[in-house]
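The primary structure of each chain is shown beneath.
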Amino acid sequence: MRFTVIGISDDPRPFFPPEVMKVISGGKVFAGGKRHHDIVGDILPADAAWIDITVPLKAVFEQFAKTNSDIIVFASGDPLFYGFANTIRKEVPDADITLFPSFNSLQTLAHRLVMPYHDMRIVSLTGRPWHEFDRALIERATKIGVLTDKVHTPSAIAQRMMEYGYDGYAMSVGEHLGNPTRERVTVVSLAEAAKTEFEQPNCLILSASRPLSPKPFGIPDHQFELLDGREKMITKMPIRLLTLQALDLSGRRVLWDIGFCTGSVSIEARLLFPHLQVVAFEIRQNCEELISHNCRRFGTPGIDVHMGDFLQTNTNDLPRPDAVFIGGHGGKLKDIIAKVLEVLQPGGCIVTNSVTSPVVQQMTDRRSSKDLFHEACEELGLTEEIPTYIQLNDYNPIEILKCVK
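Sequence positions are assigned chain by chain, starting from 1 and proceeding in written order. With pLDDT at 70 or above as the cut-off, local features in this predicted model cover only qualifying residues; side-chain atom pairs require 80 or more to be listed or tallied, and sums for whole chains, interfaces and linings still use all residues. Water and hydrogen atoms were dropped before computing side-chain values, which therefore reflect all heavy atoms in the structure.

Enquirer: Help me understand the sheet that holds strand 8 (residues 169-175), please; the structure alone is not making it clear to me.
Expert: Strand pairs in the sheet, formed through backbone hydrogen bonds, run parallel or antiparallel to each other. Strand order in the open sheet formed by five strands is 6-7-10-8-9, with mixed pairing between adjacent strands. Whereas interior strands pair on both sides, the edge strands pair on one side only; in this sheet they are strand 6 (121-124) and strand 9 (184-189). For this sheet, the mean inter-axis angle between neighbouring strands, taken without regard to orientation, is 20°. In short, DSSP must find at least two bridges between two strands for them to pair. Comment: elements are numbered from the N terminus, with helices defined as DSSP H or I runs of at least four residues and strands as E runs of at least two. Inspection of the sheet shows strand 6 paired to strand 7 (residues 143-147) by four bridges, in the parallel sense. Bridging across to strand 7, Val123 finds its partner in Val146. Two residues form a contact once any of their heavy atoms are found within 4.5 Å. To get an axis, a line is fitted to the C-alpha atoms, and for a helix only the part in contact is used. The angle between two axes follows their N-to-C directions and goes from 0 to 180 degrees. Of the strands in this sheet, strand 6, strand 7, strand 8, strand 9 and strand 10 (202-208) are in contact with helix 5 (residues 105-113), which crosses strand 10 at around 55°.

Enquirer: What is the right way to read the sheet that holds strand 5 (residues 96-100) from this model?
Expert: One open sheet accounts for five strands, arranged 3-2-4-1-5; its pairing is parallel. On the outer flanks of this sheet lie strand 3 (49-52) and strand 5, each paired with one strand and no other. With direction set aside, neighbouring strand axes in the sheet form an average angle of 25°. Two elements, strand 1 (residues 2-8) and strand 4 (residues 71-76), share six bridges in a ladder whose sense is parallel. Note on strand 4: the bridge partner recorded for Thr4 is Ile72.

Enquirer: In this structure, what is going on with the pattern of salt bridges? I would like to understand it.
Expert: Note on definitions: salt bridges are taken to be side-chain nitrogens of Lys or Arg within 4 Å of carboxyl oxygens of Asp or Glu. Using the criterion set out here, one finds 21 salt bridges in the structure. Between Arg182 and Glu199 there is a salt bridge; the shortest N-O distance is 3.2 Å. Of this pair, Arg182 sits in the loop between strand 8 and strand 9 while Glu199 sits in the loop between helix 8 (190-194) and strand 10, placing them 17 residues apart in sequence. For each residue, the accessible area found with a 1.4 Å probe, counting protein chains only, is set against the maximum for its type, and the residue is called buried under 20%, exposed over 50%, and partly exposed in between. According to the relative accessible area criterion, Arg182 is partly exposed, its value standing at 46%.

Enquirer: Looking at this structure, how should I read the packing of aromatic side chains?
Expert: Each aromatic ring pair is described using two quantities: the centre-to-centre distance and the angle formed by the ring planes. In summary, the pairing rule links any two rings of Phe, Tyr or Trp, Trp by its six-membered ring, whose centres are within 6.5 Å, and it sorts them by plane angle into stacked for under 30 degrees, edge-to-face for over 60 and tilted for everything else. Scanning all chains against the criterion turns up twelve aromatic pairs. Taking the centre distance of 6.3 Å and the plane angle of 15° together, the rings of Trp50 and Phe74 count as stacked. In this pair, Trp50 is assigned in strand 3 and Phe74 in strand 4, connecting sequence segments 24 residues apart. Arranged with centres 5.0 Å apart and planes meeting at 80°, the rings of Phe281 and Phe310 form a pair that is edge-to-face. Note that Phe281 is positioned in strand 12 (residues 277-282) and Phe310 in the loop between strand 13 (304-307) and strand 14 (323-326), a separation of 29 residues in sequence. This pair shows no difference in class: Phe281 is buried, exactly as Phe310 is. Clustering of aromatic rings is evident, with ring pairs tying together Phe3, Phe61, Phe64 and Phe84. We count a charge as sitting over a ring when the NZ of a lysine or the CZ of an arginine lies within 6 Å of the ring centre and within 35 degrees of the ring normal. Cation over ring: Lys339 sits above Phe310, and NZ or CZ is 4.9 Å from the ring centre.

Enquirer: Is there a simple way to think about the side chain of Ser369 in this case?
Expert: Structurally, Ser369 can be placed in helix 14 (residues 369-380). On the accessibility criterion, Ser369 (10% relative accessible area) is buried. Within 3.5 Å is the distance limit for a polar contact, defined as a pair of N or O atoms, with the added protein rule that one can donate a hydrogen and the other accept it, and that residues adjacent in sequence qualify only through two side-chain atoms. There is a polar contact of 2.8 Å between the side chain of Ser369 and the side chain of His329.

Enquirer: Explanation requested: the nonpolar core in the structure shown.
Expert: Formed by 62 residues in total, the largest nonpolar core has its most connected members in Phe133, Met171 and Leu206. Here this core takes five residues from helix 11 (residues 287-298), the largest share from any one element. Non-local contacts of Leu206, meaning those with residues more than four positions away in its chain, are made with Phe133, Thr142, Lys143, Ile144, Val146, Met161, Tyr169, Ala170, Met171 and Leu190. Residue types Ala, Val, Leu, Ile, Met, Phe, Trp, Tyr and Cys, when buried and joined through side-chain atoms within 4.5 Å, form a set referred to as a nonpolar core. Judged by nonpolar contacts, the second largest core, of 24 residues, contains Phe281, Phe310, Ile350 and Cys403.

Enquirer: Help me understand helix 10 (residues 264-272), please; the structure alone is not making it clear to me.
Expert: What sets the pattern is the α-helix's 3.6 residues per turn: residues three or four places apart point alike. Of all nine residues in helix 10, eight are buried; the element is thus mostly enclosed. If you follow the buried residues of helix 10, they end up packed against helix 6 (131-138), helix 9 (237-247), strand 11 (254-258), strand 12, helix 11 and strand 14.

Enquirer: Where do I start with the confidence of the model for the protein in this structure?
Expert: Segments scoring low in pLDDT should not have their predicted coordinates read at a detailed level. Confidence of the predictor at the level of single residues is captured by pLDDT, which takes values from 0 to 100. The predicted model of the protein has a mean per-residue pLDDT of 93, with 97% of residues at 70 or higher. A low-confidence stretch, residues 360-365 (pLDDT under 50), is modelled with five contacts involving residues beyond four sequence positions or located in other chains.

Enquirer: Explain helix 4 (residues 84-91) here, please?
Expert: Looking at helix 4, one finds that the buried residues are Phe84, Ala85 and Ile88. All buried residues of helix 4 lie within an arc of 105° about the axis, which places them on one face of the element. In helix 4, those exposed residues whose orientation departs by more than 90 degrees from the buried face are Arg89 and Lys90. Against strand 1, helix 3 (57-66), strand 4 and strand 5 lie the buried residues of helix 4. The directions considered for the arc are those from the helix axis to the C-beta atoms.

Enquirer: I'm lost on the packing of helix 3 against helix 4 in this one. Help?
Expert: When two helices pack together, their arrangement is given by the angle between the helix axes and the distance between those axes. Where helix 3 meets helix 4, the axes come as close as 12 Å, and the angle between the chain directions of the two elements is 75°. Between helix 3 and helix 4, the angle is such that the two are roughly perpendicular. Listed contacts from helix 4 to Leu57, Phe61 and Phe64 of helix 3 are Phe84, Thr87, Ile88 and Glu91. When residues are grouped by polarity, Ala, Val, Leu, Ile, Met, Phe, Trp, Tyr, Cys and Pro land in nonpolar, Asp, Glu, Lys and Arg in charged, and all others, Gly among them, in polar. Tallied by class, the residues present in the contact of helix 3 with helix 4 amount to five nonpolar, one polar and one charged. We call two directions roughly parallel when the angle between them is under 35 degrees, roughly antiparallel when it is over 145, roughly perpendicular when it lies between 65 and 115, and oblique otherwise.

Enquirer: Which parts of the structure should I look at to understand the side chain of Ser368?
Expert: Turning to its location among the elements, Ser368 is positioned in the loop between helix 13 (358-364) and helix 14. Overall, Ser368 belongs to the buried group, its relative accessible area being 4%. A polar contact of 3.1 Å, which involves the side chain of Ser368, links it to the backbone nitrogen of Asp371.

So this is what it looks like as structure tokens:
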């Protein structure tokens, strides 16, 4: 299949060079969105056929395949910039594609602002989740270009940023860029943007208005909101960092934190490895507000929280983990590991901390987490690694246990 993809702006009277006009005048089958047809409809040949590009895209490409003709597609801006040319390459890998790009919307907005954009971090929220935007914030990007949609609006973006403490930015919003009568560029504070409705289509650029605070490496325990103020109900900072090292998160994609309590492990992991998807589980209902508060305090949006007994939680629709930390198990460690193993990616790891002292174990006749962990690994065919042994101050010794699938 042969495609010619022509990038256009929001100008209702588009200008095309002679080369492009020649392609259009000789075309038979055209495609694009409704807005694109409104712009170019008057210059198409009288007998032109038009295919609306709407979801589901599978049906659109089935129509393309039935045409037995070259297809001319109109797309917004640069068709390779989160654009339809990428979709063609994905759906028809051997397609012959010719491109006539225009400026993409963020380039146009930068031009209007006379703002260099070679150092701009680009994020698309058009039909996409918050993850990459949150990552850009956590990584302290000083200039972020954002493609929006009807859900991820400038107002919603500003509200999210302020909720998690990322208020040190100015927001520049471009509406109807390229349209000589409707184009508008507005520079506002986040507080102003949060209360303003902007017309679609729009895009925005966030620029740091003051030096951004550095990411912490190891959050002091006292800075967390604790469960009922109990200092023992948190994975201590040195142990937390060693635990993250054992999880080997730089090369992982999805972390499950089972028994998150204050959320300290999830939050530290999100800050240090913002590329991660973090899914957190906890049975104690009062911990839901606790992790929400701590996430806002430390600027870690995007942690996916699930409340209830993990063993009863339906995990079918959750991203499969390649790293799992079990921070609390209520004596059901073997059952939890068995359930995790059903979805753990090959090469994935499970880490837990054994904190029961030999004296307490002997007095209470309780089986330690270490014993349960060893038994689970033997029964389920998991490979144990050499544990890390650590003791902090007057606390009982702790062993960081790890196994690999």
